[in-house]
Structure formats: structure tokens, C-alpha cells
Amino acid sequence: NCAGLYADRVAGMIGDTSFKIGARKGEYILLDRESGGFASRTLFAAPSAAGKGVLVSPTVDGNLLLGPTSSETEDRGDNSNTREGLDFVLERARALCPGIPSHTVITSFCGVRAYSDRHDFIIEQSRADKRFLNVAGIESPGLTSAPAIAAYAAETVVGELGNVKRRFGFEGTRKPFSFFKDMGVGEKNELIRREPDFGKIICRCEEVTLGEILFECGRNPVPKTVDGIKRRVRAGMGRCQGGFCQPSVVDVLRERLGVPYEEITKSGGGSYMFTGRTK
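Note that the structure is predicted; figures quoted are calculated from it, not measured.

Quick question: what am I supposed to make of the overall build of the protein chain here?
For the protein chain, the count of helices and strands is seven helices and nine strands. With the C-alpha coordinates of the protein chain rotated into their principal frame, the extents come out at 60 × 55 × 45 Å. Every one of the 279 residues in the protein chain was classed for burial, and the buried ones make up 35%. Computed over 39 positive and 35 negative side-chain charges, the inter-centroid distance for the protein chain is 3 Å.

As C-alpha cells, this is what we get:
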């Protein structure tokens, strides 16, 4: 049971009420690459009981990321931004790094993270049924801890099941993805010669090609939303935030999924992008 914000509800399905999950919102601001030079390292303020506070973080792609806030919310699905939250992010970021410009903001977003009423990692066999393993309330440094948590959970499950044999033919890695823009001129020309779709730029900001998008559409799990494509190949993550490439990405998804334009969503659920045809 590693259901994050809903781990307590999933545990409750088998009668385990040993912990409760709370939700904490974190709002972020992303600056354009032209502001990436304002910080060369991640800057932290002194942490508080609510977390690490607002950070100023250079990203691997040269942007500058500011945030997050930390505010309690009763709505576990509330990932909306607020004017107050974004103003607070800018204020605290400028205290760490004076002069950070707000005119280079290209997007803002919000995530909701889980914490437990125990205020510690919960990694244990359920008190209701030891065959049910809870992995919940994983606060910071949860990302750093994830590989060790996974190994411990696997060992616990294997120990409980008993007579389990290792499947030696299992391939546990995915082939690394090479971004077209990072290739040398010779590599690019050779790839375009073999596969012409790599010579068609779809996202100008991030130099993402049609070939890259089609390649990801053929990998499992298949991306089914515009944000799914964005997270795989960065189409739409640049300065214009999809203003140029989004229609082309939608067109690829429509063709690959075999659905009409009206059924394409930004991020699943009810995030439809079209209401109908105009002509």
C-alpha cells in the first residue's frame, strides 16, 4: 500500500485504522532559462516544523525553480495556485537571492504531499493483516530513501510469501532516452537519414522532434495526455509553455490513440482542451 495521500483510506479497506494521512500544499514558480544564472547551487533557508521552506534551485535544464510553500489543506486533490502563495514564494526566494526577476516567470504549479499523524515513515506489515504492507507518510527525505524502502519492502514480501524463486530473465531497466538536442551534428544527421521524423521540430523552445514524440508513443506505458508527452520529452516545457507545439502534440495523440480531438486532455480526468469543432 503505497497510495500516498490516500494510503490511510486504502488501509481502511482491510480494517487498518492505525494511521491518518494529512495533506500539505506546496506552490512553485518556474523561471525561464535566462534567469538560470541567479543561482549555481540549491539555496535553503533554515527549516521549520512545516518543512524545508522555500528553496531557490537551478534545474538540470538551466531554469530556476522557486518554492515550495507549505500549507495544510483538507482537500487532498487541491493543486490550485493562490496569489498569496506565489507572492510568498517570491518574497522568500528574494530573501535568499536578491534581485530574482519576476518578469521571467514562465509557469507556476502546485503539488500536494502526504504526511502521517505519526510524523515518521510508516513501513510495516499491517496490524490488521500481516500480508498487507503499508508504505505511507513518506516525507522528506523520501525521494532519497525510495530505493532502500523498495528493497526493504521487497524483502519483507518475499519473507512473508516463503517459497519464492528469483526470475533471472527479468529485465529491470529501461533503455536510456537520448534527447535529439543534446546530440552532435553528425549524430543528428545520421539519425535523420535513418528516420526522417527526427528532422521535424515540433517544440521550438526545447527542440523536440516528431521522431522523439512518436518514439515515446510506442513505449509502455503509452502516454495518453498532453502532459504525458511533456514529461517524457519536454515538449511544452519551454518559454512559450506549449503555445507553439501544443496543437501538433494533440494531433499526434489523436492519431495514435484513435480518438477525436474533443477527447484529448491535458492531464487526464476532466482537463479537456476542446469543447467542439468551430468549422
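Further notes follow.
Even after reading the chapter, I still don't get helix α2 (residues 83-96), so can you show me in this structure?
It helps to recall that an α-helix has 3.6 residues per turn; residues three or four apart then point in one direction. Across its 14 residues, α2 extends 20 Å between first and last C-alpha, which sits within 8% of the 20 Å expected from 1.5 Å per residue. Burial in α2 covers these residues: G85, L86, V89, L90 and A93. Within α2, the buried residues cover an arc of 135° as seen down the axis, which keeps them to one side. Facing away from the buried side of α2 by over 90 degrees, the exposed positions are R83, E84, E91 and A95. Packing partners of the buried residues in α2 comprise β1 (21-31), β2 (55-58), β3 (64-67) and β5 (105-116).

How do you make sense of the pairing of β3 when you look at a structure like this?
Pairing of β1 with β3 involves three bridges; the strand directions are antiparallel. Directly across from L30, in β3, lies its bridge partner L65. Across four bridges, β2 lies against β3 in antiparallel orientation. If you follow P58 over to β3, its bridge partner there is L64. The loop that links β2 with its antiparallel partner β3 comprises five residues; one of these, G62, has a positive phi angle of about 95°.

Can you help me understand the pattern of salt bridges in this one?
Oppositely charged side chains are able to pair whenever their charged atoms sit close together. According to the stated counting rule, one finds 21 salt bridges in the structure shown. As a salt-bridge pair, R76 and D8 come within 2.8 Å of each other at their nearest N and O atoms. Here D8 lies in helix α1 (residues 7-12) and R76 lies in the loop between β4 (71-73) and α2, a separation of 68 residues in the sequence. For R76, a relative accessible area of 14% corresponds to the buried category. Its relative accessible area of 10% is what places D8 among the buried residues. The salt bridge involving R83 is made with D87; its shortest N-O contact spans 3.2 Å. Here the residue R83 and the residue D87 both occupy positions in helix α2, the gap between them amounting to four residues, near one helical turn. Its relative accessible area of 38% is what places D87 among the partly exposed residues.

Honestly, helix α3 (residues 142-161) in this entry has me stumped. Any pointers?
In this model, α3 (20 residues) spans 26 Å end to end at C-alpha, consistent with the 28 Å of a helix rising 1.5 Å per residue. Along its length, α3 shows its largest kink, about 35°, at A148. Residues of α3 that are buried: G142, S145, I149, A153 and T156. In this structure, the buried side of α3 is in contact with β6 (122-125) and β7 (133-136). Directly beyond the C-terminal end of α3, a positive phi value near 90° is found at G162.

Help me understand the nonpolar core, please; the structure alone is not making it clear to me.
Side chains of a nonpolar character, in soluble globular proteins, are inclined to be buried together. Among the nonpolar cores identified, the biggest contains 17 residues, and I213, I229, A235 and V249 are the most heavily contacted of them. Those elements giving two or more residues to this core turn out to be β8 (201-203), α5 (210-217), α6 (226-233) and α7 (246-257). Setting aside residues up to four positions removed in sequence, A235 forms contacts with C203, V208, I213, I229, K230, C245 and V249.

How do you make sense of the packing of aromatic side chains when you look at a structure like this?
A ring pair, where both rings are aromatic, is described by two values, the distance of the centres and the angle of the planes. Summed over all chains, the structure comprises three aromatic pairs. The side chain of R24 reaches across the aromatic face of Y115, ending 4.2 Å from its centre.

Could you clarify how one ought to interpret the side chain of S126 in this entry?
With respect to the secondary-structure elements, S126 resides in the loop between β6 and β7. Among the polar contacts made by the side chain of S126, one reaches the side chain of D16 at a distance of 2.6 Å.

Conventions and cut-offs
Residues numbered from 1 in each chain as written. Predicted model: local features only at pLDDT ≥ 70, side-chain atom pairs only at ≥ 80, totals over all residues. Heavy atoms only, no water. Helix = DSSP H or I, 4+ residues; strand = E, 2+ residues; numbered from the N terminus. Buried < 20%, exposed > 50% of the residue type's maximum accessible area, 1.4 Å probe, protein only. Lys, Arg positive; Asp, Glu negative; His and termini not counted. Charge placed at Lys NZ, Arg CZ, Asp CG, Glu CD. Expected span 1.5 Å × (residues − 1). Arc of directions from axis to C-beta. Contact = heavy atoms within 4.5 Å. Pairing = 2+ DSSP bridges. Salt bridge = Lys/Arg side-chain N within 4 Å of Asp/Glu carboxyl O. Bend = angle between axes of the 7 residues up to and from the residue. Core = buried A, V, L, I, M, F, W, Y, C linked by side-chain atoms within 4.5 Å. Phe/Tyr/Trp six-rings, centres within 6.5 Å; stacked < 30°, edge-to-face > 60°. Lys NZ or Arg CZ within 6 Å of the ring centre and 35° of its normal. Polar contact = N/O pair within 3.5 Å; in protein donor to acceptor, adjacent residues only side chain to side chain.

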